[in-house]
Amino acid sequence: MSSEEVARTRRWSSSRPMSPSVRLTRGQGVSGVRRDTADADRDPPFQFREEIEVVVDRLSSYGDALALGPAPRSDWVIVAPFALPGERIRVRVYRNARLHSFADLLSVLSPNPDLRDDRRVQCKYFGQCSGCQYQMLSYEKQLEIKRDVVIKAYHNFSNLPPAAVPTVLPTIGSPKQYHYRTKITPHFEAPPKKARADPPPATPKPDWLKIGFNQIGKKRVIDIEECPIATPVLNQALGPIRENIIQNIWSYKKGVSLLLRDSLDPSTPIDPIDPTPDDPAQHICITDHKATVRERVGNTYFEFPGHAFFQNNNAILVPLTDYVRDAIFPADAKTDDPSPTHLVDAYCGSGLFSILLSPHFHTVAGIELATDAIRSATANAKLNRLPPDRCTFLAGDASDIFATVDHFPRSRTAVIIDPPRKGCDARFVEQLLAFGAGTVVYVSCNVHTQARDVSMIVRRSEETGVGGPEQGRQRYVLESLRGFDLFPQTAHVESVAVLRPSYFNHLSGAGSRPGSKSLDAHQVEIS
C-alpha cells in the first residue's frame, strides 16, 4: 500500500496534535504531505494483537474506517472494518504496514447515532463476512458516501484543475437494495491431511468444513447458508448444493470455487418482439461454467457462457443504459448540432450497450479483443432480431483498435468505453484521440483508474487536438460525472464520465494543482 495514500488520511484540524514531520490541511492531496524519510520508514508503533481505542475520522473508498492511533502515536493510521466516522472503537492490530496498521474491530464503544442503525442489518454474518460494508447505514447515506468516493478520486488522481472537473451529480441508486446480485461464487477447502488420514465412516458436516465467503481481513472461509444480496433463486439453489458437497466432501482433493448464476431458462423459446412479463418462476440457477446463461434487460435478451463477464445487478441495467443514451443525445442539445448517427462500443463484451442502444443509431459497431465475447455479442444481436447491417461486432487489434470503424463520420460518432478495472492504457488513449469521436462516454467499475484515464484524455487532447485537421483545433472537455450503485450494501461504485470536444481553450492552471499523484495498483486501497 502506498505511503503517499496512507499519509492523506493523516489530515486533521489544526487543534489536533500532529507529528512535526507531517504538514497537512483538509482537502490537500497526497503530494501535500511533508515528512522525513525516517518518519516514513520507521518501525510500526503497535505490536501484533495489541488492543487500542481510536476515534474514526473518515471512510476509505473501500468502506474501511480510518483513524489515527492514540497519543503519543497519533501520526499512524489505523484501518478497521465496519465502523463509521465519529465512532469510538476498540480494535486489535493484526498486521502492520508502512505508515499504517490493519486491525480487527472488537467493539463500537460510542456509536454514531446519526449514521448507525444496526436494526437495518439483514445478514447474520454482517461484521464477519467481507462481502458487505454498509448494511448499518441508510440507503440515502450509502449513495452520499459513494458520491464522495467519485469526488475524492478525481481530486486525488485526475491531475486536473478544479475548473476542469464538473460538480459530481448525485449517485443513481439501485431499484433493489437486497436480493439483486445475479452471480455469487462461494468456495470451500478440501479435507485437511489430518482429517483425511482417518475419515469417519458417516458423519454430519465436519467442523472444519466451511462453505461460503472469506472472513474480513482473513484468508479463512465463513460457513454461509444464505446471502441476502443474492437473488432468491441463487439462495434456493445454495442449500441443496451445500448438502451435496457435505455428502461428498471426502472425494474432493482440492478446494473449489463454486459458480451460481441467476438465469432465465435458455431452453425456453423467446419472442423479443413481444416478450412475456418477467416471471421469477422461470428463473433457474446455472452452476456450469460452460453452460449458457440468459438474462433479460428491459425487453432485450442476452446469452453468454457461465464464466463470462456480465453485470451482476440486472435491476439497474436499464437505468444505466438509459442514462448513457441520454448523455449521448442530451435534451438540451442545440438544434444545429449534428445528432450522433454511429456508435462504437469499445470493450463491448456480450453487447450490452451496443444492442440496447442500437435503435437510436444508424450503425453500431462493438469492438472486443476477446473472440469469445464477439461470438456471444453477435449471437445476441441475432437473438434480438437486429438487422445485420445495423449492429456488427468486430475483433479489434490492440495496436489499431479503431481501424475497423475508420469510415465512421467522426463528429457524428459516439464512443462508449467500458474497460476492466485496470482501465485504459496510453496506447488506447492515443488511438481514441486520433479517431476523434463527437461524444465519449466512459463507464468504469474503478473510479480511480477512470480519473487517471480521463485526465490523460483531456490533457493529451490539449496537446495533440482531437481527430484530424478537418475537425479544427479541438480538445476533449469533461462534461459530466455521476456514480451508479450497482452493489448496494457494499462500498463499490460505478462511475460514468461524459466527454465532448470543444474548441481549444488551454486549461488554466493545469499541472499546477497540488495534491494529484500518479496511480499505482496499491494507492486506491484506502483512498
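Refer to the preceding data block for the structure.
Calculation notes
- Residues numbered from 1 in each chain as written.
- Predicted model: local features only at pLDDT ≥ 70, side-chain atom pairs only at ≥ 80, totals over all residues.
- Heavy atoms only, no water.
- Axes fitted to C-alpha atoms, helices over the stretch in contact; angles between N-to-C directions.
- Helix = DSSP H or I, 4+ residues; strand = E, 2+ residues; numbered from the N terminus.
- Parallel < 35°, antiparallel > 145°, perpendicular 65-115°, else oblique.
- Left-handed = near helix turned anticlockwise from the far one by under 90°.
- Contact = heavy atoms within 4.5 Å.
- Nonpolar A, V, L, I, M, F, W, Y, C, P; charged D, E, K, R; others polar.
- Core = buried A, V, L, I, M, F, W, Y, C linked by side-chain atoms within 4.5 Å.
- Buried < 20%, exposed > 50% of the residue type's maximum accessible area, 1.4 Å probe, protein only.
- Pairing = 2+ DSSP bridges.
- Salt bridge = Lys/Arg side-chain N within 4 Å of Asp/Glu carboxyl O.
- Expected span 1.5 Å × (residues − 1).
- Arc of directions from axis to C-beta.

Draft legend 1. Structural detail: the packing of helix α9 (residues 426-435) against helix α10 (residues 447-464). Contact geometry for α9 and α10: axes closest at 10 Å, N-to-C directions at 50°. Classified by the angle between their axes, α9 and α10 sit oblique to one another. Crossing hand, α9 versus α10: right-handed. Contacts between α9 and α10 involve A426, V429, E430, L432 and L433 from the former and M456, I457, R460, S461 and T464 from the latter. Looking at the contact of α9 with α10 residue by residue, the class counts come to 6 nonpolar, 2 polar and 2 charged.

Draft legend 2. Spatial organisation of the nonpolar core. In this structure, I328 and I416 are the most contacted members of the largest nonpolar core, which totals 74 residues. The dominant element in this core, judged by the number of residues it contributes, is helix α5 (residues 232-247), at 7 residues. Apart from the residues lying within four places of it in its own chain, the contact partners of I328 are P340, L343, L357, F361, A414, I416, T439, V441 and R500.

Draft legend 3. Highlighting the sheet that holds strand β17 (residues 363-368). Pairing is mixed in the open sheet, where 8 strands are placed in the order β6-β21-β22-β20-β19-β16-β17-β18. Across the chains shown, the open sheet's two edge strands, defined by having one partner strand only, are β6 (169-172) and β18 (391-395). Strand-to-strand twist in this sheet, taken as the mean axis angle between neighbours without regard to direction, amounts to 25°. Here strand β20 (residues 439-444) runs beside strand β22 (residues 494-503); their pairing, made up of 5 bridges, is antiparallel. Paired with V443 across the bridge in β22 is V496.

Draft legend 4. Fine view of the pattern of salt bridges. Inspection of the entire model under this criterion finds 24 salt bridges. A salt bridge links E479 to R500; the nearest nitrogen and oxygen atoms lie 2.3 Å apart. Within this pair, whereas E479 is found in strand β21 (residues 474-484), its partner R500 is found in strand β22, the two being separated by 21 residues in sequence. Under the relative-accessibility criterion, E479 is labelled partly exposed at 42%. The buried category is assigned to R500, whose relative accessible area is 15%. Each of E51, E53, R88, R90 and R92 takes part in salt bridges that share partners, so that together they form one network.

Draft legend 5. Focus on unusual backbone geometry. The step from A71 to P72 runs through a cis peptide bond, and the omega angle for that step is 5°. Tracing the backbone through its elements, the reader meets P72 in the loop between β2 (65-68) and β3 (77-80). The backbone of H179 shows a phi angle near 60°, a positive value even though the residue is not glycine. Summarising the element assignment, H179 is placed in the loop between β6 and β7 (183-184). In this structure H179 comes out as partly exposed when scored by relative accessible area, which is 34%.

Draft legend 6. Looking closely at helix α8 (residues 371-383). Between its first and last C-alpha atoms α8 spans 18 Å; for 13 residues at 1.5 Å apiece the expected length is 18 Å, and the two agree. Taken together, the buried positions of α8 are A373, I374, S376, A377, N380 and A381. Viewed end-on, α8 has its buried residues packed into an arc of 165°, placing them on one side of the element. Turned more than 90 degrees off the buried face of α8, the exposed positions are R375 and K382. Where α8 is buried, its residues touch β15 (300-305), α7 (352-357), β17 and β18. With its phi angle positive at about 60°, R385 sits one or two positions after the end of α8.

Draft legend 7. How the structure looks around the sheet that holds strand β5 (residues 100-110). Read around the barrel, 5 strands follow the order β1-β2-β3-β5-β4 and close on themselves; strand pairing throughout is mixed. Going across the sheet, the axis of each strand differs from the next one's by a mean of 50°, ignoring polarity. Two strands pair when backbone bridges link them, and strand β1 (residues 51-59) and β2 are joined in this way by 3 bridges, in the antiparallel orientation. From the neighbouring strand, L59 faces β2, where its bridge partner is A65.

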